Amino acid sequence: MEIKERALACAGGIIEELGYETVDVEYAREDGLMCLTFYIYKEEGVSLSDCEAVSQAIEDAVEQADVTQGQQYCLCVSSPGERELKTPRDFERNIGREVTVEIKKAVSGKKKKFRGVLTAYDGDKVIISDGKCETEFNTDNIKAVKPYIGF
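Owing to the predicted nature of the structure, the values given are computational and were not obtained by experimental measurement.

Trainee: Explain helix H1 (residues 3-17) to me, and be specific about the residues and the numbers.
Mentor: Helix length check: H1, at 15 residues, gives a terminal C-alpha distance of 22 Å against a target of 21 Å (1.5 Å per residue), a fit within 8%. Along its length, H1 reaches its greatest deviation from straightness, about 45°, at alanine 11. Among the structural elements, strand E1 (21-30), strand E2 (33-41) and helix H2 (48-65) are those in contact with the buried residues of H1. Following H1 by one or two positions, glycine 19 has its phi on the positive side, about 95°.

Now the structure itself:
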């Protein structure tokens, strides 16, 4: 079993009991240290105090399960933020929200990055609308889809 799977197995139920959905678990190097990051979601949004509460609630379970098999790591809990949409549930959660779509190969012209409201996803295609027209992308030509966070 992979580190991410072990981490989810020991902490996923705790996170769910607290009223959050686990969006993803990542184990990656960040600033020279391995970080085990749980991405959590709730409809009303995720605050810093939500992340702190979840971190405190899962810390002992993750430590006792020794999910990294003795390797040093930093435990982090975060909102999905600008995290790439990866799973069907990610797309489902973001229907009606503004996203950016980056494609691998331009279909017409040179443009490879698009912004619009995510209107549909079916596993084979993503459809966004800019308010004037809808644009359809085949998933095999998509490099990344991310929530748009504007200021």
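Trainee: Tell me what's going on with the side chain of arginine 93, and back it up with residues and numbers.
Mentor: Its location among the elements puts arginine 93 in helix H3 (residues 88-93). Beyond its immediate chain neighbours, meaning those up to four positions away, arginine 93 contacts Glu21, Val23 and Tyr41.

Trainee: Give me the lowdown on the packing of H1 against H2, citing residues and values where you can.
Mentor: Interhelical geometry of H1 versus H2 gives an angle of 155° and a closest axis separation of 9 Å. Here H1 lies roughly antiparallel to H2, going by the angle between them. Crossing angle aside, the handedness with which H1 passes H2 is right-handed. On H2, the residues that touch Cys10, Ala11, Ile14 and Ile15 of H1 are Val54, Ala57, Ile58, Ala61, Val62 and Ala65. Tallied by class, residues from the contact of H1 with H2 come to ten nonpolar, no polar and no charged.

Trainee: If you had to explain the packing of aromatic side chains to someone new, which residues and values would you point to?
Mentor: Inspection of the entire model under this criterion finds two aromatic pairs. Each ring, one from phenylalanine 91 and one from tyrosine 121, has its centre 4.0 Å from the other, and the planes form 5°; the classification is stacked. Of the two residues, phenylalanine 91 sits in helix H3 while tyrosine 121 sits in strand E5 (residues 113-121), which places them 30 residues apart along the sequence. What makes phenylalanine 91 buried here is its relative accessible area of 6%. Lying across the ring of tyrosine 41, arginine 93 places its NZ or CZ 5.0 Å from the centre.

Conventions adopted
- Residues numbered from 1 in each chain as written.
- Predicted model: local features only at pLDDT ≥ 70, side-chain atom pairs only at ≥ 80, totals over all residues.
- Heavy atoms only, no water.
- Helix = DSSP H or I, 4+ residues; strand = E, 2+ residues; numbered from the N terminus.
- Expected span 1.5 Å × (residues − 1).
- Bend = angle between axes of the 7 residues up to and from the residue.
- Contact = heavy atoms within 4.5 Å.
- Axes fitted to C-alpha atoms, helices over the stretch in contact; angles between N-to-C directions.
- Parallel < 35°, antiparallel > 145°, perpendicular 65-115°, else oblique.
- Left-handed = near helix turned anticlockwise from the far one by under 90°.
- Nonpolar A, V, L, I, M, F, W, Y, C, P; charged D, E, K, R; others polar.
- Phe/Tyr/Trp six-rings, centres within 6.5 Å; stacked < 30°, edge-to-face > 60°.
- Buried < 20%, exposed > 50% of the residue type's maximum accessible area, 1.4 Å probe, protein only.
- Lys NZ or Arg CZ within 6 Å of the ring centre and 35° of its normal.

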